[in-house]
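Spelled out, the chains give:
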Amino acid sequence: MQNYKKNSNFALQMEVYIRHIYQLIRKYPLTTVCITIIWFLSFFTPPHTPLDDVKFIDKWVHTVMYGGTCLVMWTEYTLRNKHKTINARPAAIGWLLPVAMSGAIELLQAYCTGGRRSGDWLDLAANATGVTIALGVALLCVRLRSRLKKDAW
């Protein structure tokens, strides 16, 4: 009898979890697309291009990719947020989750791609830099918007 209760409880928890994920996807569709693109680009074998000769091009790509994704995320967040601000908790979560995802991707690249891709800690640093810059830009934009609204009154 207890096994049934455990399985039933687990199924209920999974249903709630799946509903929550579905709500996030509906609430942040562009962010979801950007994250999907990041996961795809992280595991396919990139072609060789003349840009490969540019020093640190890979790090710039990582910074722009994560910064752009997080700017999209913060834009969607502020458009859907009732208070039109970014508080400490959402800011911390919005910084930590992309950086944690980046770390997970780098570990998966290092250990699960059979040598096709290599995990690089500098890629993680570049990703964290992009996320940090995006958060700073988002906080600055929110502050400027609130000041403009105060001046309008």
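Below, the structure is looked at part by part. (Residues numbered from 1 in each chain as written. Predicted model: local features only at pLDDT ≥ 70, side-chain atom pairs only at ≥ 80, totals over all residues. Heavy atoms only, no water.)

**Focus: the packing of helix H2 (residues 29–43) against helix H3 (residues 57–80)**
At a minimum axis separation of 8 Å, H2 and H3 run at an interaxial angle of 165°. By the angle class used here, H2 and H3 are roughly antiparallel. For the pair H2 and H3, the sense of crossing is left-handed. From H2, Pro-29, Leu-30, Thr-31, Cys-34, Ile-35, Ile-38 and Leu-41 reach across to H3, where they touch Met-65, Tyr-66, Thr-69, Val-72, Met-73, Glu-76 and Arg-80. Split into classes, the residues belonging to the contact of H2 with H3 amount to ten nonpolar, two polar and two charged. (Axes fitted to C-alpha atoms, helices over the stretch in contact; angles between N-to-C directions. Helix = DSSP H or I, 4+ residues; strand = E, 2+ residues; numbered from the N terminus. Parallel < 35°, antiparallel > 145°, perpendicular 65-115°, else oblique. Left-handed = near helix turned anticlockwise from the far one by under 90°. Contact = heavy atoms within 4.5 Å. Nonpolar A, V, L, I, M, F, W, Y, C, P; charged D, E, K, R; others polar.)

**Description of unusual backbone geometry**
Unlike most non-glycine residues, Phe-56 shows phi in positive territory, near 60°. Relative to the elements of secondary structure, Phe-56 occurs in the loop between H2 and H3.

**Thoughts on the nonpolar core**
In terms of nonpolar packing, the biggest core is built from 20 residues, with Ile-38, Tyr-66, Cys-70, Trp-74 and Ile-86 touching the most fellow members. Those elements that provide at least two residues to this core are H3, helix H4 (88–112) and helix H5 (121–152). Here this core gets seven residues from one element, more than from any other, and that element is H5. (Core = buried A, V, L, I, M, F, W, Y, C linked by side-chain atoms within 4.5 Å. Buried < 20%, exposed > 50% of the residue type's maximum accessible area, 1.4 Å probe, protein only.)

**Focus on the pattern of salt bridges**
Under the definition given, this model contains four salt bridges. The shortest N-O distance in the salt bridge between Glu-15 and Arg-19 comes to 2.6 Å. Of this pair, Glu-15 and Arg-19 both sit in helix H1 (residues 2–27), four residues apart, roughly one helical turn. For Lys-59, the salt bridge identified is with Asp-58, shortest N-O distance 3.2 Å. Note on Lys-59: relative accessible area 18%, which makes it buried. Residues joined in a network through salt bridges with shared partners are Asp-58, Lys-59, Asp-120 and Asp-123. (Salt bridge = Lys/Arg side-chain N within 4 Å of Asp/Glu carboxyl O.)

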